[in-house]
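# Understanding the architecture of this molecule
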Amino acid sequence: MMVLKGDSCLLNGRKPMFIPDSTSELGVTECVVLRVSKLGKGIAPKFASRYYDAVAPGADFIAMDRAREAQQAGEPWTKALAFDYSLAIGEYEPTPTPSLKGREYLKEELVLSPEEAIAEAGKLMTIRQGDLIYIQLKRAPRLVHKEEIIRTEINGEEKLYCKIK
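Below: a short report on this structure. (Residues numbered from 1 in each chain as written. Predicted model: local features only at pLDDT ≥ 70, side-chain atom pairs only at ≥ 80, totals over all residues. Heavy atoms only, no water.)

Now for the pattern of salt bridges. Pairing is possible between side chains that carry opposite charge, provided their charged atoms lie close to one another. Counted under the stated rule, the structure contains twelve salt bridges. A salt bridge links Asp-60 to Lys-5; the shortest N-O distance between them is 2.6 Å. Of this pair, Asp-60 sits in strand E3 (residues 52–63) while Lys-5 is found in the segment before strand E1 (10–12), placing the two residues 55 residues apart along the sequence. By relative accessible area, which is 2% here, Asp-60 ends up buried. Close ionic contact of Arg-14 with Glu-158 constitutes a salt bridge, the shortest N to O distance being 2.6 Å. Of this pair, Arg-14 sits in the loop between E1 and strand E2 (26–36) while Glu-158 sits in strand E9 (residues 157–163), placing them 144 residues apart in sequence. In this structure Glu-158 comes out as partly exposed when scored by relative accessible area, which is 26%. Each member of the salt-bridge network shares a partner with another, and the members are Arg-14, Arg-151 and Glu-158. (Salt bridge = Lys/Arg side-chain N within 4 Å of Asp/Glu carboxyl O. Helix = DSSP H or I, 4+ residues; strand = E, 2+ residues; numbered from the N terminus. Buried < 20%, exposed > 50% of the residue type's maximum accessible area, 1.4 Å probe, protein only.)

Attention shifts here to helix H1 (residues 64–73). Counting along an α-helix, one turn takes 3.6 residues, and residues three or four places apart therefore face a common direction. Burial in H1 covers these residues: Met-64, Asp-65, Ala-67 and Ala-70. The inward-facing, buried residues of H1 contact E2, E3, helix H2 (78–81) and strand E7 (142–143). With its phi angle positive at about 70°, Gly-74 sits one or two positions after the end of H1. (Contact = heavy atoms within 4.5 Å.)

Let us now look at the packing of aromatic side chains. Per the counting criterion, the structure on display carries zero aromatic pairs. Its end group placed over the ring of Tyr-161, Arg-14 keeps NZ or CZ at 4.0 Å from the ring centre. Between Arg-35 and the ring centre of Tyr-92, over which it is positioned, the NZ or CZ distance is 4.9 Å. (Phe/Tyr/Trp six-rings, centres within 6.5 Å; stacked < 30°, edge-to-face > 60°. Lys NZ or Arg CZ within 6 Å of the ring centre and 35° of its normal.)

This part takes up the state of the cysteines. This model, assessed by the stated rule, comprises zero disulfides. Cys-31 provides the cysteine sulfur closest to Cys-9, a residue in no disulfide bond, and the two sulfurs are 12 Å apart. A disulfide-free cysteine, Cys-162 has its sulfur positioned 12 Å from the sulfur of Cys-31, the nearest such atom. (Disulfide = S-S within 2.5 Å.)

The next subject is helix H3 (residues 114–124). Turning to H3, its buried residues number three or more, namely Pro-114, Glu-115, Ala-117, Ile-118, Ala-119, Ala-121 and Gly-122. Those residues of H3 that are buried are in contact with E2, E3 and strand E6 (132–136).

Okay, structure coming up:
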């Protein structure tokens, strides 16, 4: 599944995530965010590492109750996934090589490898410098609650901090 989110969905820095009024069950899944560094379409996986220059930890928020409703009605999950500030992004690390080894997120934990994600996105649309491609981890979403803090540390440094309000 591929989800497109507008720039109003991005939550950068250490800003808090306010639970939207439209949901009573806010969930989160961890993800890795790739920053696209050049224009491309129809990209072969073996060349995909040339199309992103940085990676960051992310927290992808989902309105769990709205997702259930959409699933039961056989509708797209857009209302559950693409709402304001639904993707928190931490600090980027440059990626001089396509390997994520040595980082907290290993390729085995990702739903797709960065190369596969770039290639898949490039099949559907032209990717452009500054676009963000996020790849979920193979972990089920979990519910979050007010005052909870979501953090990710990589090599002992805090790279993502997001307080739920």
